[in-house]
There are 2 protein chains.
Amino acid sequence: MTATTTGANLGEESVRERLLAEALTLFNSKGYAATSVREIVAAAGVSKPTLYYYFASKEGIYLELMNSTLATFEATVAQLVIPQGTARQRLLRFSTGLFDIFRENIEVARLIFAIHFGPPQGTPNFRQQVFFDQMIAVAAGMLQEGISTGEFRPVPVGDATWALISCLNTLMEEHLTNPEPRLDRAGLERTLGMILDGIAV
Amino acid sequence: MTATTTGANLGEESVRERLLAEALTLFNSKGYAATSVREIVAAAGVSKPTLYYYFASKEGIYLELMNSTLATFEATVAQLVIPQGTARQRLLRFSTGLFDIFRENIEVARLIFAIHFGPPQGTPNFRQQVFFDQMIAVAAGMLQEGISTGEFRPVPVGDATWALISCLNTLMEEHLTNPEPRLDRAGLERTLGMILDGIAV
């Protein structure tokens, strides 16, 4: 928020953001299907037409939450894949960087995991798997490059990728569900480093 | 089912099993909270008093699903931890054995994951984390033993355990949510074998 933001813009932005935040809280506490437009507008302190103006519907709010998170994710991935350092360094930078944006967006992540593992809730069409798929694809590329340059032994790329992304995925889940996570960011770096040491030449 | 089973016993057993199976299907397709006793008895083709006779309530059915699965899990773990072979062989036997009972009980596993990652649904008190916690504890013990005997290097046990159980956990999730899983049981063995080779002396 800069000093040049006008009062009107500030108001509009905050209404829109408030609707997104309250919808997310309700989706996570009651479930998407059980949350009504009436509850969202009541929580945000606005009228129904205000929600319809910004998002058209509950589905529109859901898609905005998913699409804006995907945009953040993709922008972060683009920053994290800079070809600097060894394959080992790049894989660690990529994984810890993803863990960081996960932590920054943990409530949207909570919704994504709930929808992914829960029963169908009538959510609009959005492939939550896209996040996992992209993590797999980028890590596989980095591993393949490390094998090509002779930094890693010629292990099956799919297996090694699975090991790395599984550690990251399970750590995210631990931080979503365990108030006292058994592993932190530094533990992720150690675990991935141990796996990468194991396939190093 | 043996030849000595009487018709009456068969009938009782199948009503009970049918109630459990239909409840599980409904919990997985609609969610636990949205499923009513009326729907469960209608799907099983029995009356409400029949459900109350066997399970007392919807909560009772849920607890029976969880507790019987936990009993199966614990019996399987007890079989899988026999101290035979190297630590590497034992860890692979343990992990693939757990993957096998997961596959055999995949619909209960689906419910466990949905409850674990979803919003609170008013389910009766049962710690779904007990499965994950026990997997971690047993694998850590086997790794520790492998380190003690000099089979593995003295890596941090918690990190190595995390790597192994993460691969298993994420593979289970893949089989729950992806109609065409990218890794199978043999892939799990290869991936874990790769990690264990990496920490071998």
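Since the structure is predicted, the reported quantities are computational estimates derived from the model, not experimental observations. (Residues numbered from 1 in each chain as written. Chains lettered and ligands numbered in written order. Predicted model: local features only at pLDDT ≥ 70, side-chain atom pairs only at ≥ 80, totals over all residues. Heavy atoms only, no water.)

Draft legend 1. Structural detail: the overall build of chain A. When its secondary structure is counted, chain A shows 9 helices and 0 strands. Going from N to C terminus, chain A has its helices and strands arranged as α-α-α-α-α-α-α-α-α. In terms of overall dimensions, chain A has a C-alpha envelope of 65 × 45 × 30 Å along the principal axes. Within chain A, the fraction of its 201 residues that count as buried is 49%. Taking the contacts inside chain A whose residues are at least 6 apart along the sequence as the reference set, 67% of them involve residues at least 24 apart. (Helix = DSSP H or I, 4+ residues; strand = E, 2+ residues; numbered from the N terminus. Buried < 20%, exposed > 50% of the residue type's maximum accessible area, 1.4 Å probe, protein only. Contact = heavy atoms within 4.5 Å.)

Draft legend 2. Focus on the state of the cysteines. Inspection of every chain in the model, using the stated rule, returns 0 disulfides over all chains. Between Cys167 of chain A, a free cysteine, and Cys167 of chain B, which holds the nearest cysteine sulfur, the sulfur-to-sulfur gap is 5.7 Å. When its relative accessible area of 0% is taken as the criterion, Cys167 of chain A is described as buried. (Disulfide = S-S within 2.5 Å.)

Draft legend 3. View of the interface of chain A and chain B. Taken together, the contact pairs 38 residues of chain A with 38 residues of chain B. Carbon and sulfur atoms make up 67% of the surface buried where chain A meets chain B, a total of about 3,100 Å² over both sides. For chain A, the biggest contributors to the area lost against chain B are Phe117, Trp162 and Met194 of chain A; these three give 25% of the whole. Between Arg182 of chain B and Asp133 of chain A there is a salt bridge, with the nearest N and O atoms lying 2.8 Å from each other. Inspection of the region where chain A meets chain B yields 13 residue pairs in polar contact (both at pLDDT 80 or more). Elements with a minimum of two residues in the side of chain A that touches chain B: α1 (7-30), α6 (106-117), α7 (129-148), α8 (157-177) and α9 (185-199) of chain A. A total of 12 residues in the side of chain A that touches chain B trace back to one element, the largest contributor, which is α8 of chain A. (Buried area = accessible area lost by both parts, 1.4 Å probe. Salt bridge = Lys/Arg side-chain N within 4 Å of Asp/Glu carboxyl O. Polar contact = N/O pair within 3.5 Å; in protein donor to acceptor, adjacent residues only side chain to side chain.)

Draft legend 4. Quick look at the relation of the copies chain A and chain B. The transform that puts chain A on chain B rotates by 180° and translates by 0.0 Å along the axis, for an RMSD of 0.0 Å. Look at the turn and shift together and you get a two-fold axis relating the two. Measuring from the rotation axis to each C-alpha of chain A, the shortest distance belongs to Gly198 of chain A, at 1.7 Å. Both copies share a contact surface, since 100% of the interface residues of chain A are interface residues in chain B too. (Least-squares fit on C-alpha atoms with pLDDT ≥ 70 in both.)

Draft legend 5. Structural detail: the domain arrangement of chain A. Residue and element names in this part refer to chain A. Taken domain by domain, chain A consists of domain 1 (1-56) and domain 2 (63-199). When each unit is reduced to the centre of its C-alpha atoms, the spacing between domain 1 and domain 2 is 30 Å. Contact with domain 1, which involves 9 residues of that partner, is made by 11 residues of domain 2. Regarding the contact of domain 1 and domain 2, the summed buried area is about 840 Å², with carbon and sulfur atoms giving 70% of it. Sorting the residues of domain 1 by area buried against domain 2 places Leu24, Asn28 and Tyr32 first, and these three jointly supply 60% of that buried surface. (Domains from an automatic or database assignment.)

Draft legend 6. Examining unusual backbone geometry more closely. All names here are of chain A. For Ala56, which is not glycine, the phi dihedral falls at a positive 70°. With respect to the helices and strands, the residue Ala56 is situated in the loop between α3 (48-55) and α4 (58-80). Owing to a relative accessible area of 55%, Ala56 belongs among the exposed residues under this scheme.

Draft legend 7. Inspection of the packing of aromatic side chains at higher detail. Inspection of the entire model under this criterion finds 21 aromatic pairs over all chains. Between Phe126 of chain B and Phe131 of chain B, the aromatic rings sit 6.3 Å apart at their centres with planes inclined by 45°, giving tilted as the arrangement. Assessed through its relative accessible area of 10%, Phe131 of chain B is described here as buried. An aromatic cluster of at least three residues, connected via ring pairs, comprises Phe113 and Phe117 of chain A together with Phe113 and Phe117 of chain B. Sitting over the ring of Tyr32 of chain A, Lys58 of chain A keeps its end group 4.2 Å from the ring centre. (Phe/Tyr/Trp six-rings, centres within 6.5 Å; stacked < 30°, edge-to-face > 60°. Lys NZ or Arg CZ within 6 Å of the ring centre and 35° of its normal.)

Draft legend 8. Region of interest: the nonpolar core. One finds Leu98 of chain A together with Leu98 of chain B to be the most contacted residues of the largest nonpolar core, which totals 139 residues. Ignoring any residue separated from it by four or fewer positions in sequence, one finds Leu98 of chain A in contact with Phe73, Val77, Leu80, Met135, Leu168 and Met172 of chain A. (Core = buried A, V, L, I, M, F, W, Y, C linked by side-chain atoms within 4.5 Å.)

Draft legend 9. Highlighting the environment of Phe55 of chain B. In this fold, Phe55 of chain B is placed in helix α3 (residues 48-55). Separated by 68 residues in sequence, Phe55 of chain B and Thr123 of chain B have C-alpha atoms that sit 15 Å apart.

Draft legend 10. The side chain of Asp159 of chain B, seen in detail. Locating Asp159 of chain B in the fold gives a position in helix α8 (residues 157-177). The buried category is assigned to Asp159 of chain B, whose relative accessible area is 3%. Dropping the residues within four chain positions of it, Asp159 of chain B is found in contact with Leu183, Gly187, Arg190 and Thr191 of chain A.

Draft legend 11. Quick look at the side chain of Thr35 of chain A. Residues and elements named next belong to chain A. Looking at where Thr35 falls in the secondary structure, it is placed in the loop between α1 and α2 (37-44). Look at Thr35 and you get buried, because its relative accessible area is 2%. A polar contact is formed between the side chain of Thr35 and the backbone oxygen of Leu26, at a distance of 3.4 Å. Discounting residues that sit within four places of it in the chain, Thr35 has contacts with Leu26, Phe27, Lys30, Ile40 and Lys58.

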